[in-house]
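Here is what each chain is made of, one letter per residue.
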Amino acid sequence: MEVVLALVIGVLGGAGVWLILRPRTFQVVMGLVLLSYAVNLFIFSMGSLVIDRPPIVTPGHAASLEHYSDPMPQALVLTAIVIGFATTALFLVVLLASRGFSGTDHVDGVRGDP
Amino acid sequence: MPLVLLLCLPFLGSLITALLPTRARTVHAGVAGAVATVVAGWLISLFPRIRDGEVIRETVQWVPSLGLDLVLRIDGFAWMFAVVVTVIGALVCLYSRYYMSPDDPAARFYALFLAFMGAMLGVVLSGNLLQLVVFWELTSLVSFLLIGYWHHRTDAQRGARMALIVTGIGGLCLFVGVLLLGQIVGSFDFDVVLASGAQVKAHPWYPLTLCLIVLGALTKSAQFPFHFWLPRAMAAPTPVSAYLHSATMVKAGVFLLARFWPVLSGTEWWFWLVGGAGITTLVLGAYVAMFENDLKRVLAYSTISHLGLITLLFGLNSPLAAVAGVFHIMNHATFKASLFMAAGIVDHETGTRDIRRLKGLIHAMPGTGALAMVASAAMAGVPLLNGFLSKEMFLAETVFLSSHPIVEWALPALATLASAFAVVYSLRFGYGIFFGVPSTDLPRTPEEAPRWMRTPIQLLVLVCLAVGVAPALTVGPVLAAAAQPVVGGVLPVYSLAVWHGVTWPLLMSVTALVGGILGYRWLRVRQGRGRYQTTPLLSRWNGRHAFESMLLAATRAARRAIEVLGTRRLQPQLFIVIATAIALAWIAARGFPLAWGDRPRLPATQAFMLLWAVGIVCAVGAAVFAKYHRLVAVSLMGGAGLVTCLTFAWFSAPDLALTQVVVEVVTTTLFLLGLRWLPMRQHDLTLHLTWRDWSRRTRDLVLAITAGSGLAVLSFAFLTRPAPNSISPFFLSNALPGGGGSNVVNVMLVDFRAFDTLGEITVLGAVALSVYALLRRFRPPPESVAQPRQQQALADGQATDLVKPERAGSIAAGYMLVPAVISRLLMPVALVVAAHLFLRGHNEPGGGFTAGLIVAIALLMQYLTSGTRWVETHANVRPARWIAFGLLIGAIAGLGALAFGYPFLTSHTAHLSLPLLGDLHVPSATLFDMAVLAVVVGSTLLILTALAHQSLRTQQASTSPSPVMRSREDA
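What you are looking at is a predicted structure, and each value in this text was computed from that prediction instead of being measured. (Residues numbered from 1 in each chain as written. Chains lettered and ligands numbered in written order. Predicted model: local features only at pLDDT ≥ 70, side-chain atom pairs only at ≥ 80, totals over all residues. Heavy atoms only, no water.)

Q: Explain the overall build of chain B residue by residue, including any values.
A: Along chain B, the regular secondary structure elements total 40 helices and 4 strands. Against the compact-globule benchmark of 30 Å for 971 residues, chain B has a radius of gyration of 41 Å, which places it well outside the compact range. Across its three principal axes, chain B shows a C-alpha extent of roughly 120 × 70 × 70 Å. A separation of at least 24 residues holds for 78% of the contacts in chain B among residues at least 6 apart in sequence. Accessible surface, chain B: about 42,700 Å² in total, of which carbon and sulfur atoms supply 68%. For chain B, the centre of its 67 positive side-chain charges and the centre of its 44 negative side-chain charges are spaced 9 Å apart. (Helix = DSSP H or I, 4+ residues; strand = E, 2+ residues; numbered from the N terminus. Rg over C-alpha atoms; globule rule 2.2 N^0.38 Å. Contact = heavy atoms within 4.5 Å. Areas by Shrake-Rupley, 256 points an atom, 1.4 Å probe, with all protein chains shown as cover. Lys, Arg positive; Asp, Glu negative; His and termini not counted. Charge placed at Lys NZ, Arg CZ, Asp CG, Glu CD.)

Q: Residue-level account of the pairing of strand E2 (residues 68-74) of chain B, with values.
A: Residue and element names in this part refer to chain B. Burial analysis of E2 places 6 of its 7 residues in the buried class, which makes it a mostly covered element. Pairing geometry for strand E1 (residues 56-63) and E2, over 7 bridges, is antiparallel. When the bridges of E2 are listed, Val63 appears paired with Leu68. (Buried < 20%, exposed > 50% of the residue type's maximum accessible area, 1.4 Å probe, protein only. Pairing = 2+ DSSP bridges.)

Q: Provide a residue-level description of the packing of aromatic side chains, including the pertinent values.
A: Scanning the entire structure with this criterion turns up 27 aromatic pairs over all chains. With centroids separated by 5.9 Å and ring planes inclined at 55°, the aromatic side chains of Tyr149(B) and Trp150(B) adopt a geometry described as tilted. Like Trp150(B), Tyr149(B) is buried. Among the aromatic residues, those joined into a ring-pair cluster are Phe109(B), Tyr110(B), Phe113(B), Phe116(B), Tyr149(B), Trp150(B) and Tyr243(B). Here Arg630(B) stacks its cationic end above the ring of Phe26(A), 5.6 Å away from the centre of that ring. Arg824(B) extends its terminal NZ or CZ atom over the ring of Trp870(B), reaching a point 4.0 Å from the ring centre. (Phe/Tyr/Trp six-rings, centres within 6.5 Å; stacked < 30°, edge-to-face > 60°. Lys NZ or Arg CZ within 6 Å of the ring centre and 35° of its normal.)

Q: Describe in detail the interface of chain A and chain B, supporting the description with residues and values.
A: Listed by partner, the interface residues are 82 residues for chain A and 106 residues for chain B. Counting each side, the surface lost to burial between chain A and chain B is near 8,600 Å², with a carbon and sulfur contribution of 78%. On the surface where chain A and chain B come into contact, there are 3 salt bridges. Across the pair Asp700(B) and Arg22(A) runs a salt bridge, and its minimum N-O distance is 2.3 Å. Our count for the contact surface shared by chain A and chain B stands at 15 residue pairs in polar contact (both at pLDDT 80 or more). (Buried area = accessible area lost by both parts, 1.4 Å probe. Salt bridge = Lys/Arg side-chain N within 4 Å of Asp/Glu carboxyl O. Polar contact = N/O pair within 3.5 Å; in protein donor to acceptor, adjacent residues only side chain to side chain.)

Q: Please give an account of the nonpolar core that cites residues and values.
A: In terms of nonpolar packing, the biggest core is built from 197 residues, with Trp79(B), Met80(B), Leu125(B), Trp229(B), Phe260(B) and Phe314(B) touching the most fellow members. In terms of residue count, helix H17 (residues 319-350) of chain B provides more of this core than any other element does, 18 residues in total. Not counting residues within four places of it along the chain, the set of residues in contact with Trp229(B) comprises Met162(B), Ala163(B), Val166(B), Thr167(B), Thr219(B), Lys220(B), Ala222(B), His245(B), Met249(B) and Val250(B). Ranked by size, the runner-up nonpolar core spans 124 residues in total, among them Phe26(A), Leu78(A), Trp612(B) and Ala707(B). (Core = buried A, V, L, I, M, F, W, Y, C linked by side-chain atoms within 4.5 Å.)

Q: How would you explain the pattern of salt bridges if you had to name every residue and give the values?
A: Under the defined criterion, the tally for this structure stands at 20 salt bridges over all chains. Residue Arg24(A) pairs with Asp105(A) through a salt bridge whose shortest N-O separation is 3.0 Å. Pair noted here: Arg24(A) is in the loop between helix H1 (2-20) and helix H2 (25-45) and Asp105(A) is in the segment after helix H3 (71-102), with a separation of 81 residues, a long-range link. Each member of the pair Arg24(A) and Asp105(A) is classed as buried. The closest approach of N and O atoms between Glu448(B) and Arg454(B), which form a salt bridge, is 3.8 Å. A relative accessible area of 15% places Arg454(B) in the buried class. Here the salt bridges do not stand alone but share partners, grouping Arg57(B), Arg73(B), Asp75(B), Asp189(B), Asp191(B) and Arg259(B) into one network.

Q: Tell me what's going on with unusual backbone geometry, and back it up with residues and numbers.
A: Residues and elements named next belong to chain B. With an omega of 0°, the peptide bond running from Phe224 to Pro225 counts as cis. Residue placement: Pro225 occurs in the loop between helix H10 (206-220) and helix H11 (229-232). A positive phi angle, close to 65°, is found at Asn317, a residue other than glycine. Structurally, the position occupied by Asn317 is in the loop between helix H16 (295-315) and H17.

Q: Now, about the packing of helix H27 (residues 606-625) of chain B against helix H28 (residues 630-650) of chain B: what can you tell me, with residues and values included?
A: All names here are of chain B. The interhelical angle for the contact between H27 and H28, taken along N-to-C directions, is 150°, at an axis separation of 8 Å. Considered as vectors, H27 and H28 are oriented roughly antiparallel to each other. As for the relative orientation of H27 and H28, their crossing is left-handed in sense. For the pair formed by H27 and H28, the contact residues are Ala607, Phe608, Leu611, Trp612, Gly615, Cys618, Ala619, Gly621, Ala622 and Phe625 on the first element and Arg630, Val632, Ala633, Leu636, Met637, Gly639, Ala640, Val643, Thr644, Leu646, Thr647 and Trp650 on the second. Its residues placed into classes, the contact of H27 with H28 shows 16 nonpolar, 5 polar and 1 charged. (Axes fitted to C-alpha atoms, helices over the stretch in contact; angles between N-to-C directions. Parallel < 35°, antiparallel > 145°, perpendicular 65-115°, else oblique. Left-handed = near helix turned anticlockwise from the far one by under 90°. Nonpolar A, V, L, I, M, F, W, Y, C, P; charged D, E, K, R; others polar.)

Q: I'd love a proper account of the packing of helix H19 (residues 386-399) of chain B against helix H20 (residues 405-432) of chain B, names of residues and values included.
A: Residues and elements named next belong to chain B. Two numbers describe how H19 lies on H20: the axes approach to 8 Å, and their chain directions differ by 155°. Taken together, the axis directions place H19 and H20 in an arrangement best described as roughly antiparallel. Remark: the crossing between H19 and H20 carries left-handed chirality. Here Lys391, Phe394, Leu395, Thr398 and Val399 of H19 lie close against H20, whose contacting residues are Leu411, Pro412, Ala415, Thr416, Ser419 and Ala422. For the contact of H19 with H20, the residue count by class is 7 nonpolar, 3 polar and 1 charged.

Q: Before we move on, can you summarise the side chain of Thr209(B) with the specific residues and values?
A: Residues and elements named next belong to chain B. Relative to the elements of secondary structure, Thr209 occurs in helix H10. Owing to a relative accessible area of 0%, Thr209 belongs among the buried residues under this scheme. If sequence neighbours within four positions are ignored, Thr209 has contacts with Gly177, Leu180, Leu181 and Ile184.

Nothing here speaks to function; it is all geometry.
Encoded structure:
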């Protein structure tokens, strides 16, 4: 499982970086979304990969990391997901405004290389 | 009383005057004068201690960990300087009360004046090198503001800028020099530095340190080749010129030379650097002063020349010369300040400062004239005045110097020549404007200045006379106390007497006087015939031009450097950022190798691998199609998001999975709404990819693959190593007893880390409002304004493909009828699900974020299926109010804890017994979760509806005559 997850994080991150370096604003926004998936998974994996042990305290199980998955990265990622949505929305609108303002969807606001 | 108060009083006074009404000049002058007088009196009362050679020290701890203290150190030399600064300051305050016009903003003037006094006191009383540099820069800054006091005048602006740049650069050099000196000595404390002269001079860094510190001194004291700023600084009001630019600030440079004399002097380097600059400035300044026609500029050049003299005296490496230098600092301050004030009176009363137009003023203003003449005589070095004494000491030093034969011969000759020049310009000032036939064409009819305006000059001239007649009685003890620390403790033998018999220096003085008088007559006759109106030989060479062309060259070079080294293009910037991050990670990995750990691994399952096979295809596909097939890319991105969401669910993170899936829905909807405004693919555009394009793409691909591999390796290392001890067990064990909830993630969000969440929802609200504001000014590109092809295919009279307008009032119709009905039926169900998730959130997966997003989605469904107008005629959605309400109750939930004496956002669980429902635990965190819900609903709706409204706006703009459409949005 670890290999698969690491590979997946790599692929998502690589695809995100590739898109960020593209000249079109839409590509850059998509790249940021993909990159945020990679980063969220990465932070999430800082805890430990466990199956069927959600961090919901149930009677009969001592409240320790042996019985539950790590709640801290989860709390951080939950925040990150919502903030990620907000930034994506902002970027998208800046993209649209820039496109309306400059007449092109190139990241520099001028018709550049294809 | 603590002596630090000495330093604070002027700044305090500055603050007070700044707050007083602008035009109350008498009050301002009173406050400033009182502060100066009090500080001066206090300082003078310290004299008995200073006379005995005591060094008064006081330390205030500032940053003890860095060894930075505020050290006040008063020895004889610092004391002398401080007294000059405060006494002349008090006199100038009195003078400027009458000089400044009632229309000038007096508050600014006196506030800056006092701030300068404080800064200057800071320089001279510093016991720490770094502290000295700070106050040094402060004097430059205040001087800038005072030169530019009449900021509407171009000459004031330019003069101020030039002074700031020159002295500012010098200040930076001084700073570096002081840092080097501190490194050599190992301390920034003055006492330590003063005691380690031999160590400094033997150090290999000595020449560099010396050059930097001397640069600081020369720029501040307007020494050649940096002298050009001082004449330009004469654009300042005359009291400022009298105080800053003759008596005090420009003396800071020579103060520095004197201060470091025991540490840095005594070498060839010192002699040639300091002495060379001194003699050049002495002769050059005096020469130019003879030909200037503006009273203040004559005085400015003479100040430059006299400062050159003092610099030269310190540069001669002789203790006796250093004593003479200290003596001349005092003498120059007295006679030059009085001369500036006299020049100010002449300017004030006649309306001009042009020497050529001023004649015979003695008839109109006998008092001022007499004072100016005595002061000029002191400047010329006439016996029985103080200027004579220090000049005599100077001439003696040039005669008895032992150095290279050429120097031994040239120095006395140049000194005599400069003295003769000094006689000439003194005569032009003190004789030329007061005698002769009175001029009749002056802008104003001259009359005597008010009595109190002349009082400061009278007092200063009195000092000149008293010192000149009976030096040993008046100034003797002060000079001894002041000179002793400069020469390093042991005073050389000197005699302060008016008559020493017929000696070489006396002969030189007489030669200079006679030569000067003859020269003045000769020049007067020539100038009367219209010759020598500008400075011969030197008028072509202009320091200002050199300065400005240098400034221009520096600006050009900077612009060029930005062009070459900087870029405003996003792609190279991002490339560099990512490449740097990778490089840093690689360097870090060399220190801490990325080895795998031995944590027990989970066996991979086929289902999970298959899941991510799909996920990888989605991610790569999104990357490929994002260029030409945006809809495909958005769908694939959603696919990757869903796989991510399933991964969260797989690895025991139900809250994350829930949030991710609803966010995914909202994000995709958002993109779909935005797609409409993006440019279409230009099919007719034939692309010829050049070799450069291919190489750039290859480069980006390599970087992307490197970054991806790096991430993969890094996360694999993390996943296999044993997890470090973290603070997570605390949250696990305290969630139920402390937070009253068993869903640890939710308890963390709304309780343990509630402050963080409050910040987050604030950001969310701010983003939503920014989006709304951005879209209000949105101007769509012209080719996107037209209706989409699908809508263009509609029959006439139909505005939308969603709703038939003729029947919109009754019932939504059209081909979206079925989905519209279904989504309307689903609305209550969605709300119930949201309420369920919200209420159980504290103990089971769910919570405010998820519930809020579900409410938002339920409403968005109505927008999508029934159309914007239909929803807004049927439901009053006010997203901005949701945001405001949420933030408000979030803050109330937090502040409630404060009311009970707990820290902000402390939660409390109330136990209620209700009929029917039984026992109920209501944690106050639920209120906070409610805030999260409200903000999430409001923000999401505001963002998406603002985007949806764009279609309506442009449609109306294209169909209705009025292009301005009132949005139904409520903010």
